[in-house]
Every structure is written in C-alpha cells, then in structure tokens.
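Summary of the model geometry
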Amino acid sequence: MMMSPNSFLVSGSHSIKANKRCFILLKRKKKKNSTKYMRKRFKRLKVEMEEMSKQQQSIKEGQRQVRAKFKAIEDECEQLRQETKQIIRQSENNQIRLSLMFDILKAREQCDVAKAAQLTGLLREIVATGDSQNEESMY
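Keep in mind it's a predicted model, so treat the numbers as computed, not measured.

Definitions and cut-offs
- The written sequence of each chain sets the order in which its residues are numbered from 1.
- For this predicted model, a pLDDT threshold of at least 70 governs which residues receive local features, and a threshold of 80 or more governs which side-chain atom pairs are given and counted, while totals over whole chains, interfaces and linings are taken from all residues.
- The side-chain quantities take in all heavy atoms of the structure and omit both hydrogens and water.
- Labels follow the DSSP assignment, with helices taken as runs of H or I lasting at least four residues and strands as runs of E lasting at least two, numbered in each case from the N terminus.
- The rule is simple: take the accessible area with a 1.4 Å probe, protein chains only, and divide by the maximum for that residue type; under 20% is buried, over 50% is exposed, in between is partly exposed.
- For every accessible area listed, the method is Shrake-Rupley and the probe measures 1.4 Å; residues are considered covered only by the protein chains on display.
- Salt-bridge detection follows one rule: a side-chain nitrogen of Lys or Arg within 4 Å of a carboxyl oxygen of Asp or Glu.

A few points about the overall build of the chain
Along the backbone of the chain there are two helices and zero strands. The buried share of the chain, taken over its 139 residues, is 8%. As displayed, the chain offers around 13100 Å² of accessible surface, 60% of which is attributable to carbon and sulfur atoms.

Quick look at the structure:
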C-alpha cells in the first residue's frame, strides 16, 4: 500500500481539517465549560454574600442588644448611686439625732433643764425637717 503524494495531501488536508474542527469543538466546549464554571462560581459567591449579610445583621442585632443591656446597667448604677447618697444622708441625720439625744440625757443627768429643753427643741426641728425631706425624696 503505497500512498501517492497526492493522496497524502488529501489525507493530510483531511486530517488538518479534522484537527481544526476538533480544535473548534474543544474551544466551544471549553467556552461552555468556562461559562458554566463562571455561573456556578457566581452562584456560590452570591450565596456566600447572603450568608455574610445574615452574619452582619446578626452581629448588628447582638451589638444593639449589648448596647441596650449596657444602658440598663448604667441606669441601674445611677439609681444605686442615688439610693446610696440617700442612705448616707439618712445615716448622717440619724447620727446627729443620736448625738442630740445623748446630749439631752447628759443635760438631764446634770439637772441642766434649760440645756435639755434647748436640745430637745433642736431635736424636734431636725426630726420635723428630716421627715419632710424624706417624704419629698420618696416621690
């Protein structure tokens, strides 16, 4: 089986055409595959972006809740400060009253009726002003 030089060209040109067709088909197939790949990748990215968006919303909600809790704690701390100040004032007033009562007792033991009467009047004034202040601070 000898091939003629013309037959080689014919078969060679045929193989070149076939190779060209194959190349074009492969190119189209690659193009289709790359398009599919890009679509799949785009879908994956879209899903990832949606997940990230949900995570960001969750983080924002968490931050909002933390801010609200922090605000509630600050308010409670302020209320405790005010109550502490009130207790300190009441304690000071009680200390003054006890001191006056002790001085009244000493004056009575020493039979100093004038001093006992003066201290008793002072104690009455303090008790009256203290009671009115306590009523105001309760409201």
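Read on, since the account is not over.
Focus: the pattern of salt bridges
Inspection of every chain in the model, using the stated rule, returns three salt bridges. Residue Asp 75 pairs with Lys 71 through a salt bridge whose shortest N-O separation is 3.1 Å. Taken together, the positions of Asp 75 and Lys 71, both in helix α1 (residues 5-109) and four residues apart, correspond to about one turn of that helix. Across the pair Glu 78 and Arg 81 runs a salt bridge, and its minimum N-O distance is 3.0 Å. Residue Glu 78 and its partner Arg 81 are located together in helix α1, separated by three residues, close to a single helical turn. Overall, the relative accessible area of 36% leaves Glu 78 in the partly exposed class.

A few points about the environment of Gln 90
By the element assignment, Gln 90 lies in helix α1. Between the C-alpha atoms of Gln 90 and Gly 130, which are 40 residues apart in sequence, the distance is 8.4 Å.

Spatial relationships are all this shows, so hold off on functional conclusions.
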